[in-house]
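Descriptive structure summary
Okay, here's what each chain looks like letter by letter:
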Amino acid sequence: MTAPALALMLMTAGFPPLQAREVVHYAWNESRLQPCAHSWRGEGLIGVAGIMRRRLHEYAQMSGCVPAEVQIAFLAREWP
């Protein structure tokens, strides 16, 4: 995934450009924009932990790596 693609997905989901830029910055620092780079759980773009990780996987209806698009949809739902 590229930074512009992630920013566009975030803005399409309703995030303002400044907030989208900060999420992209976080994702770059944590995972180099690869959703599953550092975690088999696959929350690398938004870095949720604990109960939020469980909620992400419940939302995705899957275990393991959660696709970037699903992480963004979850983020938009949880932090509008």
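Everything numeric here is computed off the predicted structure, so don't read it as measured data.

**Observations regarding the confidence of the model for the chain**
Scored by pLDDT, the chain has a mean of 88; 94% of the residues are at 70 or more. Across the chain, the secondary-structure element scoring lowest on mean pLDDT is helix α3 (residues 50-60), at 91, and the one scoring highest is helix α1 (residues 3-12), at 95.

**A few points about unusual backbone geometry**
Positive phi, close to 55°, is recorded for Arg32, a residue that is not glycine. Within the element layout of this structure, Arg32 appears in the loop between α2 (17-31) and α3.

**Some words on the packing of aromatic side chains**
Evaluation of the coordinates by the stated rule reveals 2 aromatic pairs. An angle of 55° between the planes, with centres 5.8 Å apart, marks the rings of Tyr59 and Phe74 as tilted. A residue pair is termed long-range when its members are at least 10 positions apart, and Tyr59 in helix α3 and Phe74 in helix α4 (residues 68-78) qualify at 15 residues. A ring pair is formed by Phe74 and Trp79, whose centres lie 6.4 Å apart and whose planes are at 85°; its orientation type is edge-to-face. According to the relative accessible area criterion, Phe74 is buried, its value standing at 0%. Linked through ring pairs, Tyr59, Phe74 and Trp79 together constitute an aromatic cluster. Here the guanidinium or amino end of Arg32 rests over the ring plane of Trp28, the centre of that ring lying 4.6 Å away.

Cut-offs applied
- Residues numbered from 1 in each chain as written.
- Predicted model: local features only at pLDDT ≥ 70, side-chain atom pairs only at ≥ 80, totals over all residues.
- Heavy atoms only, no water.
- pLDDT = per-residue confidence, 0-100.
- Helix = DSSP H or I, 4+ residues; strand = E, 2+ residues; numbered from the N terminus.
- Phe/Tyr/Trp six-rings, centres within 6.5 Å; stacked < 30°, edge-to-face > 60°.
- Buried < 20%, exposed > 50% of the residue type's maximum accessible area, 1.4 Å probe, protein only.
- Lys NZ or Arg CZ within 6 Å of the ring centre and 35° of its normal.

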